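Now for the letters of each chain:
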Amino acid sequence: VCVNTVQFPLPSMARGFKLGQAIGRAIASYEEDLKVVVIGTGGLSHQLDGTRAGFINREFDELCFEKLVSDPQALTKYSIHEVVELAGTQGVEVLNWLTARGTLLGQVTQVHRNYHIPISNTAAGLLCLENRG
(Lines give C-alpha, C1' and ligand atoms only; values in the text may rest on other atoms or scores of the structure.)
Protein backbone atom coordinates (compact mmCIF):
# COMPACT_ATOMS: atom_id res chain seq x y z
CA VAL A 1 0.00 0.00 0.00
CA CYS A 2 1.49 3.32 -0.99
CA VAL A 3 0.66 6.39 1.09
CA ASN A 4 0.87 9.74 -0.65
CA THR A 5 3.57 11.88 0.96
CA VAL A 6 4.42 13.90 -2.16
CA GLN A 7 1.43 15.32 -4.02
CA PHE A 8 -1.01 17.73 -2.41
CA PRO A 9 -3.53 17.27 -1.00
CA LEU A 10 -1.77 14.95 1.45
CA PRO A 11 -3.84 12.66 3.68
CA SER A 12 -4.17 13.73 7.28
CA MET A 13 -2.33 11.91 10.03
CA ALA A 14 -5.69 10.62 11.29
CA ARG A 15 -6.56 9.28 7.85
CA GLY A 16 -3.25 7.44 7.60
CA PHE A 17 -3.78 5.84 11.00
CA LYS A 18 -7.37 4.86 10.11
CA LEU A 19 -6.13 3.28 6.86
CA GLY A 20 -3.67 1.22 8.89
CA GLN A 21 -6.43 0.16 11.28
CA ALA A 22 -8.60 -0.94 8.35
CA ILE A 23 -5.71 -3.02 7.02
CA GLY A 24 -5.17 -4.46 10.51
CA ARG A 25 -8.83 -5.46 10.77
CA ALA A 26 -8.65 -7.10 7.34
CA ILE A 27 -5.59 -9.09 8.40
CA ALA A 28 -7.24 -10.09 11.70
CA SER A 29 -10.38 -11.27 9.89
CA TYR A 30 -8.46 -13.76 7.74
CA GLU A 31 -9.58 -17.28 8.63
CA GLU A 32 -6.14 -18.88 8.81
CA ASP A 33 -3.91 -18.14 11.80
CA LEU A 34 -0.92 -16.67 9.99
CA LYS A 35 1.95 -14.48 11.10
CA VAL A 36 1.97 -11.26 9.09
CA VAL A 37 4.77 -8.72 8.83
CA VAL A 38 3.93 -5.11 8.00
CA ILE A 39 6.79 -2.80 7.05
CA GLY A 40 6.47 0.96 7.00
CA THR A 41 9.27 2.86 5.29
CA GLY A 42 10.16 6.49 5.01
CA GLY A 43 11.79 9.16 7.02
CA LEU A 44 11.00 10.98 10.18
CA SER A 45 12.33 14.54 10.38
CA HIS A 46 14.44 15.69 7.47
CA GLN A 47 14.56 18.31 4.77
CA LEU A 48 16.64 17.77 1.67
CA ASP A 49 16.52 21.22 0.09
CA GLY A 50 15.68 24.87 0.63
CA THR A 51 16.68 27.11 3.48
CA ARG A 52 16.25 24.30 6.02
CA ALA A 53 18.26 21.72 4.04
CA GLY A 54 19.85 19.32 6.51
CA PHE A 55 17.21 20.02 9.16
CA ILE A 56 16.68 17.15 11.62
CA ASN A 57 14.53 17.39 14.75
CA ARG A 58 15.74 14.57 16.98
CA GLU A 59 13.35 15.56 19.79
CA PHE A 60 10.34 15.19 17.45
CA ASP A 61 11.67 11.90 16.08
CA GLU A 62 12.08 10.48 19.59
CA LEU A 63 8.56 11.68 20.46
CA CYS A 64 7.23 9.88 17.37
CA PHE A 65 8.96 6.65 18.41
CA GLU A 66 7.49 6.91 21.92
CA LYS A 67 3.99 7.65 20.66
CA LEU A 68 4.11 4.95 17.99
CA VAL A 69 4.64 2.47 20.82
CA SER A 70 2.43 3.86 23.57
CA ASP A 71 -0.18 6.21 22.10
CA PRO A 72 -0.26 6.41 18.29
CA GLN A 73 -3.55 8.32 18.34
CA ALA A 74 -1.62 11.25 19.87
CA LEU A 75 0.22 11.65 16.56
CA THR A 76 -3.09 11.97 14.68
CA LYS A 77 -3.63 15.32 16.38
CA TYR A 78 -0.85 16.92 14.32
CA SER A 79 -1.88 18.62 11.08
CA ILE A 80 0.30 18.09 8.02
CA HIS A 81 1.33 21.75 8.30
CA GLU A 82 2.49 21.19 11.90
CA VAL A 83 4.41 18.07 10.87
CA VAL A 84 6.24 20.01 8.14
CA GLU A 85 7.11 22.75 10.65
CA LEU A 86 8.39 20.22 13.21
CA ALA A 87 9.92 17.66 10.89
CA GLY A 88 10.83 19.37 7.62
CA THR A 89 9.25 19.00 4.20
CA GLN A 90 10.14 15.32 3.85
CA GLY A 91 9.10 14.72 7.47
CA VAL A 92 5.56 14.09 6.25
CA GLU A 93 6.79 10.54 5.63
CA VAL A 94 5.90 9.91 9.29
CA LEU A 95 2.50 9.14 7.70
CA ASN A 96 4.02 5.83 6.55
CA TRP A 97 5.09 4.95 10.08
CA LEU A 98 1.69 5.86 11.50
CA THR A 99 -0.17 3.87 8.83
CA ALA A 100 1.98 0.81 9.53
CA ARG A 101 1.43 1.23 13.28
CA GLY A 102 -2.32 1.36 12.72
CA THR A 103 -2.23 -2.23 11.48
CA LEU A 104 -1.23 -3.37 14.96
CA LEU A 105 -4.55 -3.36 16.77
CA GLY A 106 -4.35 -2.76 20.50
CA GLN A 107 -1.26 -2.74 22.68
CA VAL A 108 2.17 -3.53 21.28
CA THR A 109 5.54 -4.61 22.56
CA GLN A 110 8.66 -2.83 21.38
CA VAL A 111 11.05 -5.52 20.17
CA HIS A 112 13.84 -3.26 18.88
CA ARG A 113 14.55 0.43 18.44
CA ASN A 114 17.50 2.28 16.97
CA TYR A 115 18.02 5.92 16.06
CA HIS A 116 21.21 7.37 14.62
CA ILE A 117 22.15 10.65 12.98
CA PRO A 118 25.02 9.98 10.59
CA ILE A 119 26.83 12.74 8.75
CA SER A 120 24.12 13.40 6.16
CA ASN A 121 20.83 15.21 5.62
CA THR A 122 18.75 12.47 7.25
CA ALA A 123 18.69 10.43 10.41
CA ALA A 124 18.24 6.66 10.33
CA GLY A 125 15.66 4.94 12.47
CA LEU A 126 14.29 1.46 13.01
CA LEU A 127 11.37 0.47 15.20
CA CYS A 128 10.21 -3.12 15.46
CA LEU A 129 6.87 -3.75 17.22
CA GLU A 130 4.61 -6.74 17.71
CA ASN A 131 1.08 -7.21 18.96
CA ARG A 132 0.79 -8.34 22.57
CA GLY A 133 -0.91 -11.70 22.96
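Our subject is the structure listed above.
Just so it is clear, the structure is predicted and the values come from calculations on it, not from any experiment.

J.: Pulling in residues and values, what's your account of the overall build of the chain?
T.: Scanning the chain from terminus to terminus reveals four helices and two strands. A compact globule built from 133 residues would reach a C-alpha radius of gyration of about 14 Å, and the chain, at 15 Å, matches this within 12%. In terms of its C-alpha atoms, the chain occupies a principal-axis envelope of roughly 50 × 30 × 20 Å. When the 133 residues of the chain are sorted by exposure, 37% land in the buried category. In the chain, of all internal contacts separated by at least 6 residues, the share reaching a separation of at least 24 is 68%. Across the chain, the 11 positively charged side chains and the 13 negatively charged ones have centroids separated by 5 Å.

J.: Break down helix α1 (residues 13–29) for me, citing the residues and quoting the values.
T.: Since there are 3.6 residues in each turn of an α-helix, residues three or four apart along the chain are aligned in direction. For α1, built from 17 residues, the straight-helix expectation of 24 Å at 1.5 Å per residue is met to within 8% by its first-to-last C-alpha distance of 25 Å. Of the residues making up α1, those classed as buried are M13, G16, F17, G20 and G24. Taken around the axis of α1, the buried residues stretch over an arc of 95°, which confines them to a single face. More than 90 degrees from the buried face of α1, the exposed residues found are R15, K18 and S29.

J.: Give a detailed account of the packing of aromatic side chains, specifying residues and quantitative values.
T.: Taken as a whole, this structure holds three aromatic pairs when the rule is applied. Each ring, one from F60 and one from Y78, has its centre 5.7 Å from the other, and the planes form 90°; the classification is edge-to-face. Residue F60 is located in helix α2 (residues 58–70), and its partner Y78 is located in the loop between α2 and α3 (80–87); the two are separated by 18 residues in the primary sequence. Ring centres of F65 and Y115 lie 6.0 Å apart, and the angle between their planes is 85°; this geometry places the pair in the edge-to-face category. Of this pair, F65 sits in helix α2 while Y115 sits in strand β1 (residues 108–116), placing them 50 residues apart in sequence. Across this residue pair, the class does not change: F65 and Y115 are buried. Three or more aromatic residues joined by ring pairs make a cluster, and in this case those are F65, W97 and Y115. Over the face of the ring belonging to F55 we find R52, whose NZ or CZ atom lies 4.3 Å from the ring centre.

J.: Tell me about helix α4 (residues 94–102), and please be specific about residues and values.
T.: When you tally the buried positions in α4, you get nine out of nine residues, the bulk of the element. Tucked into the core, α4 has its buried residues touching α1, α2, α3, β1 and β2 (124–131).

J.: Account for a nonpolar patch on the surface, naming residues and giving values.
T.: A contiguous nonpolar patch, built from I27, Y30, L34, V36 and V38 and spanning about 440 Å² of accessible area, is present on the exposed surface. Looking at the secondary structure, you find Y30 in the loop between α1 and α2. Judged by relative accessible area, Y30 falls into the partly exposed class, the value being 48%.

J.: Summarise the side chain of N57; cite the residues concerned and give the values.
T.: Its place among the elements puts N57 in the loop between α1 and α2. Within the structure, N57 has its side chain in polar contact with the backbone nitrogen of F60 (distance 3.0 Å).

J.: Run through unusual backbone geometry, naming residues and quoting values.
T.: With an omega of 5°, the peptide bond between F8 and P9 qualifies as cis. Take P9: it is sitting in the segment before α1.

Definitions and limits used
Residues numbered from 1 in each chain as written. Predicted model: local features only at pLDDT ≥ 70, side-chain atom pairs only at ≥ 80, totals over all residues. Heavy atoms only, no water. Helix = DSSP H or I, 4+ residues; strand = E, 2+ residues; numbered from the N terminus. Rg over C-alpha atoms; globule rule 2.2 N^0.38 Å. Buried < 20%, exposed > 50% of the residue type's maximum accessible area, 1.4 Å probe, protein only. Contact = heavy atoms within 4.5 Å. Lys, Arg positive; Asp, Glu negative; His and termini not counted. Charge placed at Lys NZ, Arg CZ, Asp CG, Glu CD. Expected span 1.5 Å × (residues − 1). Arc of directions from axis to C-beta. Phe/Tyr/Trp six-rings, centres within 6.5 Å; stacked < 30°, edge-to-face > 60°. Lys NZ or Arg CZ within 6 Å of the ring centre and 35° of its normal. Patch = residues over 30% accessible without salt bridge, like charges linked within 9 Å, V, L, I, M, F, W, Y side chains within 5 Å. Areas by Shrake-Rupley, 256 points an atom, 1.4 Å probe, with all protein chains shown as cover. Salt bridge = Lys/Arg side-chain N within 4 Å of Asp/Glu carboxyl O. Polar contact = N/O pair within 3.5 Å; in protein donor to acceptor, adjacent residues only side chain to side chain.

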